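The residues making up each chain are set out below.
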Amino acid sequence: MENQVLTPHVYWAQRHRELYLRVELSDVQNPAISIAENVLHFKAQGHGAKGDNVYEFHLEFLDLVKPEPVYKLTQRQVNITVQKKVSQWWERLTKQEKRPLFLAPDFDRWLDESDAEMELRAKEEERLNKLRMESQGSPETLINLKKGYLFMYNLVQFLGFSWMFVNMTVRFFILGKESFYDTFHTIADMMYFCQMLAVVESINAAIGVTKSPVIPSVIQLFGRNFILFIIFGTMEEMQNKAVVFFVFYMWSTIEIFRYPYYMLCCIDMDWKVLTWLRYTVWIPLYPLGCLAEAVSVIQSIPVFNETGRFSFTLPYPMEIKVRFSFFLQVYLIMLFLGLYINFRHLYKQRRRHYGQKKKKIH
């Protein structure tokens, strides 16, 4: 008598791109699973509803599938995944309309078409987000790039201001007071470069690359560039004055401590001596620098009045001549207001940095 063919219980579910089959057989080893002519063939020794026997079944799919099934064995079942050739929703699993008795829906994985579409969209969005993250780089990579960029910026500024500081110091020791009067012609090109590059600092603060507040950064940038480009740059009479030396020397002295401090912050280093200098030298140097800038503005007022540069006459019927010196007098008030804002900001930074340490001691 011919042996009866035993079929296991098979449960199925689908997605738009895949079919999932769960074969209820335990302790299965080396099953024969293949797809030929769009028919799935399964044969395996295992423990099923009829005890420990050889079980097999054949399923002809409703539509075309890829002939490479993927399966995974567990102690209780065999999970088979089959890829559809065309991503679409099937109305049933098999080509024959009548469902085989051993086949049933897998309600643990079952989704209707609308739910499956939502799941498909979610997976696609997740895939696109992953690709976007890979193209943009990981957060750690972005942080390292930002640190590298800030380190190079601060290094360039440090080298520029160091060159000016050393140049003015050496020339003063060699030439004495005579070096005051040609400081502009010796230093101006480098100062122009560093101050134009300082625009990057305000942009970094504005777009969140650095945590520096925007207003103090913009005040310092505007104040220095006004002195450099308007007061000194446009008036040859001002370029030979001794005040140029003191303005440039104060600016350079402040920056040769500030920029290396920021460089070390980029590589997570803390040199206590440099940190103390960064949070301390500004106390005498900022007021002295502001005083030098004020002297340069006061000395330029008669020069602008004499030359009439940047002065203008209001249109008819007023016809009043507005001298540029009026704006310089307004600027003097703004200069000391800016000093107050920056001084207050730097004082808060110093108190925040060293005040916490004092609290820990007590």
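Since the structure is predicted, the reported quantities are computational estimates derived from the model, not experimental observations.

(A) Spotlight on unusual backbone geometry. The backbone phi angle of N30 is positive, close to 50 degrees, even though this residue is not glycine. Relative to the assigned elements, N30 resides in the loop between β2 (18-23) and β3 (32-36).

(B) Layout of the domain arrangement of the chain. When the domains of the chain are assigned, the result is domain 1 (10-112) and domain 2 (141-355). For domain 1 and domain 2, the distance between their C-alpha centres works out to 76 Å.

(C) Up close: the sheet that holds strand β5 (residues 51-60). Overall, antiparallel pairing links the three strands, which are arranged β3-β4-β5 in an open sheet. Sheet topology places β3 and β5 at the edges, where each strand pairs with a single neighbour. Averaged over all adjacent pairs, the angle separating strand axes in this sheet is 15 degrees, with direction ignored.

(D) View of the pairing of strand β7 (residues 78-83). Where burial is concerned, the two faces of β7 differ: the one with V78, I80 and V82 is buried and the one with N79, T81 and Q83 is not. Pairing geometry for β2 and β7, over six bridges, is antiparallel. Counterpart to L19 in the pairing with β7 is V82. The pairing of strand β6 (residues 70-73) with β7 spans four bridges and is antiparallel. Bridging from a neighbouring strand, K72 pairs with N79 of β7.

Rules of the game
- Within each chain, residue numbers correspond to sequence positions counted from 1 in written order.
- Thresholds applied to this predicted model are a pLDDT of at least 70 for local features of residues and 80 or more for the giving and counting of side-chain atom pairs; totals over whole chains, interfaces and linings are not thresholded and use all residues.
- Excluding hydrogens and water, the side-chain values take into account all heavy atoms of the structure.
- Helix and strand labels come from DSSP, where a helix needs a run of H or I of at least four residues and a strand needs a run of E of at least two; each type is numbered from the N terminus.
- Here the bounds of each domain stem from an automatic or database domain assignment.
- Here, any two strands with at least 2 DSSP bridges between them count as paired.
- Fitting a line to C-alpha atoms yields each axis, with helices limited to the stretch in contact; the angle taken between N-to-C directions then spans 0 to 180 degrees.
- Whether a residue is buried, partly exposed or exposed follows from its accessible area with a 1.4 Å probe, protein chains only, as a fraction of its type maximum: under 20%, in between, or over 50%, in that order.

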